Amino acid sequence: MIEMRRVRVAPALALLAALVGFAPEAHADWSKVLKETRSGYAGIDVSRDGTVGLFNHRAIVLPSGQVRNESIFRTRPGRSWSAPTRLEGGYPLYPASSYGPTVKNTFDHYVVAIPQPNPAGIKWVAGMRVRYSTSRLRGQGKLYTLLLRSFDGTAWSDWHRVITPGMVEDVSLDAAPDGRVFFAWRASDNITPGSVNLSSFDPATGAVGPVQDLGPAIERPITFQSVKTAVADNGDVWVTFRAPDGLVGRRLLKDGTLRDREMIVAGRSPPVHDSVFADGTLWVATNEPGIELYRWTGRSFKKGTVGSVFDAYSRDNGVELEGVSFDMPSITARPEGGIAVLATRSYHFETLVPPLRNRNTIAIASRERTAAATWTNVDETAYAPGSWNNTGGSAASGPSGIWACGIIGSGRLVVFRRRPGTIAAPLSLEDGLLEFLNAPSTTYDLLDRPVRDGGVGLRRDAAAKLVRHRDGTDGVSGTADDDPFDTLREVYDVLRTGPEALLLIEQHVSRVTTLDSVALDLANDPLTSTALLDDAVGLRRSAADNIVRYRDGGPDHLLGNADDRRRPFRWIFGQSGRQWSLDQVPYVGRSSIQKLHDYGLLRSP
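First, a word on what this report is: a plain description of the structure on this page. (Residues numbered from 1 in each chain as written. Predicted model: local features only at pLDDT ≥ 70, side-chain atom pairs only at ≥ 80, totals over all residues. Heavy atoms only, no water.)

**What about helix 5 (residues 460–471)?**
- With twelve residues, helix 5 extends 16 Å from end C-alpha to end C-alpha; this agrees with the ideal 16 Å at 1.5 Å per step.
- Every buried residue belonging to helix 5 is among Ala462, Ala463, Leu466, Val467, Arg470 and Asp471, and all of these are buried. An end-on view of helix 5 places all buried positions within 145° of arc, on one side of the element. The exposed residues of helix 5 that point more than 90 degrees off its buried face are Arg460 and Arg468.
- As for helix 5, its buried residues are in contact with helix 3 (429–438), helix 4 (444–448), helix 6 (488–495) and helix 7 (500–512).
- Immediately downstream of helix 5, the backbone of Gly472 shows phi near 80°, a positive value. (Helix = DSSP H or I, 4+ residues; strand = E, 2+ residues; numbered from the N terminus. Expected span 1.5 Å × (residues − 1). Buried < 20%, exposed > 50% of the residue type's maximum accessible area, 1.4 Å probe, protein only. Arc of directions from axis to C-beta. Contact = heavy atoms within 4.5 Å.)

**A closer look at the sheet that holds strand 15 (residues 227–231)**
- Strand order in the open sheet formed by four strands is 15-16-17-18, with antiparallel pairing between adjacent strands. Two strands close off the open sheet at either side, each with one partner strand: strand 15 and strand 18 (262–266). The sheet shows a mean angle of 20° between the axes of neighbouring strands, direction not considered.
- Pairing geometry for strand 16 (residues 237–243) and strand 17 (residues 246–252), over seven bridges, is antiparallel. If you follow Val237 over to strand 17, its bridge partner there is Leu252. (Pairing = 2+ DSSP bridges. Axes fitted to C-alpha atoms, helices over the stretch in contact; angles between N-to-C directions.)

**Here's the deal with the sheet that holds strand 2 (residues 39–46)**
- The strand order across the open sheet formed by four strands is 2-3-4-5, and the pairing between neighbours is antiparallel. Of all the strands in the sheet, just strand 2 and strand 5 (85–86) have a single pairing partner and so form its edges.
- Across two bridges, strand 4 (residues 67–76) lies against strand 5 in antiparallel orientation. When the sheet's bridge partners are listed, Phe73 is paired in strand 5 with Thr85.

**Looking at helix 10 (residues 541–552)**
- With twelve residues, helix 10 extends 17 Å from end C-alpha to end C-alpha; this agrees with the ideal 16 Å at 1.5 Å per step.
- All buried positions along helix 10 are accounted for by Ala543, Ala544, Asn546, Ile547, Val548, Tyr550, Arg551 and Asp552.
- Just past helix 10, the residue Gly554 takes up positive phi, approximately 75°.

**Quick word on the packing of aromatic side chains**
- Counting across every chain of the model gives eleven aromatic pairs.
- Members of the aromatic cluster, each reached through a chain of ring pairs, are Phe73, Trp124, Phe151 and Trp156.
- In this arrangement the basic side chain of Arg129 is found over the ring face of Tyr144, its NZ or CZ atom lying 4.6 Å from the centre. (Phe/Tyr/Trp six-rings, centres within 6.5 Å; stacked < 30°, edge-to-face > 60°. Lys NZ or Arg CZ within 6 Å of the ring centre and 35° of its normal.)

Below you can see the structure in the form of structure tokens.
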């Protein structure tokens, strides 16, 4: 059977790999930087200065028990996310006398970073596909449209309706060097074929360009990504889409000339694909059911010579059925040059004779092609039972790294990042703790077993809480209801038994690895001042003051006295007395520990 591996395991960590059943190999340095429950349907992009923009739907449960859906935009210019800005509402409506005033958001969200500088100073364009829900429009088949609005760093513009209401499916956007946003869509549904259209929007003026008919589309089953838009560095616009005779590409030159169709995959049309312009050419990743790669040579599209990016696999010997398939490819440029490809990896194992067993898991796989045309090994960026939904584009890149977003399980939005410049990176102690708790080999027995017998030594109730949360209500690891631990704060919230259990887990992982804590490194660094902890890390002033006092103030924890001497923190969790832990410092709790870890991880080499 194929073992599932989590992120950030380095070859030097053989002992940890043996502990949790991972195979050591070169891994991209992926980490989760945002998790939001009851949320999803996200678009993500990265500006040229490395700022990330995220536009997504989320559900808010009101005190009355009703659920309110919101569309929120936020950015991450550095180490933390901005406060969410609600962007729904204020939609352009038809007169009530003609069609009625009701507009419903379909939850399809898009965001595009606008190249800087541009005359109007526009930084972001956000979009939503919406539905006019009136009987008259429904009878005419004119239900959907695309709304766009822009942000100049100070205020958001009004919404602009940029497509005449009709059948609007599979919207895809990208920004041109001159600041215009090009968008393509399929004017058909799952029954009636239509055409793929292309138009543009100038956020500086609100002007909408002419509509280009790119040719007939193919009706499709319910899936995503049958139309993709990618703008080249010189301003040419590529649209790739499913046509009746295969997967094709059309190119609109910067001078307005529409070139003839170019065939990518003839005779059949992969249900899902993605495209990006990188390293001077267009790349297209397809789901066939492995992930294949095509590139534009200047005269035609050529299939990659290295074979599949991800190879599907299956076997059936009458006793066991096992298979691996890949879906939902997402492709983006690497900051270092080259491309990165992500996809869902579905693993199925089943015994056909008693004792019957059945296991299904879905993880996110990534692989990168360097500028020197060398491929990295396959890396699973997350152990993520559930689904990965990349409506509106799920991967983007910039100076701050490669970013991807998706839905894991039922309504949990997760944002991943691979920092630039590192393909293999060491695991931190905090991440090692999460790896340990999420590993199927970390059983209730191991957590409950006394330390003298090689166990963690937790109380039974604490061990049960951890395993029950990770494995879900069915009590089986690797099924759809699993909920792996994503953050230290999540472990805190599940335990609710004080820091003692976390200290035992920390000590257990420390005994079997040689991992360093980024939170401890940050807190113990003589250059880490109260101002840095308060302003950059985001701690409360009282917590920042106390960390410095307990570290530098000597036995009385007061600075400026004769007994002042540095006493570095030895542990993260639960150790009082002569060896103070971080979470024993007054006003330093679960939120502070998480912030110290997140900031320390970002500043690590």
